[in-house]
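Descriptive structure summary
The residues making up each chain are set out below.
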Amino acid sequence: MEVLFPKVRDFFKDTPCTDPSKWGVITLRKDCEFIPIAITDTPNFRTFAEMEQQYSSLNAAKLWLTQGIGCQSVNPNSSKNVVCVDGKASIKL
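As the structure is a computational prediction, the values presented were derived from the model and not from experiment. (Residues numbered from 1 in each chain as written. Predicted model: local features only at pLDDT ≥ 70, side-chain atom pairs only at ≥ 80, totals over all residues. Heavy atoms only, no water.)

Points about the state of the cysteines
Using the following cut-off: The disulfide criterion used throughout: a pair of cysteine sulfur atoms within 2.5 Å. Secondary structure follows DSSP: runs of H or I at least 4 residues long count as helices, runs of E at least 2 residues long count as strands, and numbering of each begins at the N terminus. Three labels apply to residues, based on accessible area from a 1.4 Å probe with only protein chains included: buried if under 20% of the type maximum, exposed if over 50%, partly exposed otherwise in between.
Tallying each qualifying case throughout the model produces 1 disulfide. Each sulfur in the disulfide pair Cys17 and Cys84 lies 1.9 Å from the other. Across the disulfide from Cys17 to Cys84, rotation about the S-S bond amounts to roughly -60°, and the bridge is consequently left-handed. Of this pair, Cys17 sits in the loop between α1 (4–9) and β1 (23–30) while Cys84 sits in strand β3 (residues 81–85), and the two are 67 residues apart along the sequence. When its relative accessible area of 27% is taken as the criterion, Cys84 is described as partly exposed.

Topic: the pairing of β3
Successive residues of a regular strand alternate their side chains across the two faces of the sheet. Keep this limit in mind: One bridge is not enough; two strands pair if DSSP finds at least two bridges between them.
In this structure, β3 lies alongside strand β4 (residues 88–92), joined through 5 bridges in antiparallel fashion. The residue of β4 that forms the bridge with Val85 is Lys88. The turn linking β3 back onto β4 is made up of 2 residues, and Asp86 within it adopts a positive phi angle of 55°.

Quick notes on the pattern of salt bridges
Filter applied, for reference: For this analysis, a salt bridge means a side-chain nitrogen from Lys or Arg found within 4 Å of a carboxyl oxygen belonging to Asp or Glu.
Summed over the entire model, instances satisfying the criterion amount to 4 salt bridges. With its nearest N and O atoms 2.7 Å apart, the salt bridge here joins Asp31 to Lys62. Linking Asp31 in the loop between β1 and β2 (33–40) with Lys62 in helix α2 (residues 45–65), this pair joins segments that are 31 residues apart in sequence. Overall, the relative accessible area of 35% leaves Asp31 in the partly exposed class. Arg46 is paired through a salt bridge with Glu50; the nearest N and O atoms lie 3.1 Å apart. With Arg46 and Glu50 both in helix α2, this residue pair falls 4 residues apart, about one helical turn. By relative accessible area, Arg46 is classed as exposed at 64%.

As structure tokens, then:
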């Protein structure tokens, strides 16, 4: 999971952002933290989706095995928007 998380988090890091309406936000769990990730449709989106699914499944199993170690089950800050800043996607908090 430690190797997979940065790959998923940074998958779209070098994808140019010119139109924020073509971007969305998903939330990954890392331990008890909710991490927003900007995503967009690209020719290799399927690769991202497979990695994200694998990471999320592994994380869900970890949380189940540890009984969630006191983590919140719902993200208290779930709605976020993407803005384009200097050609990069940025999540508006």
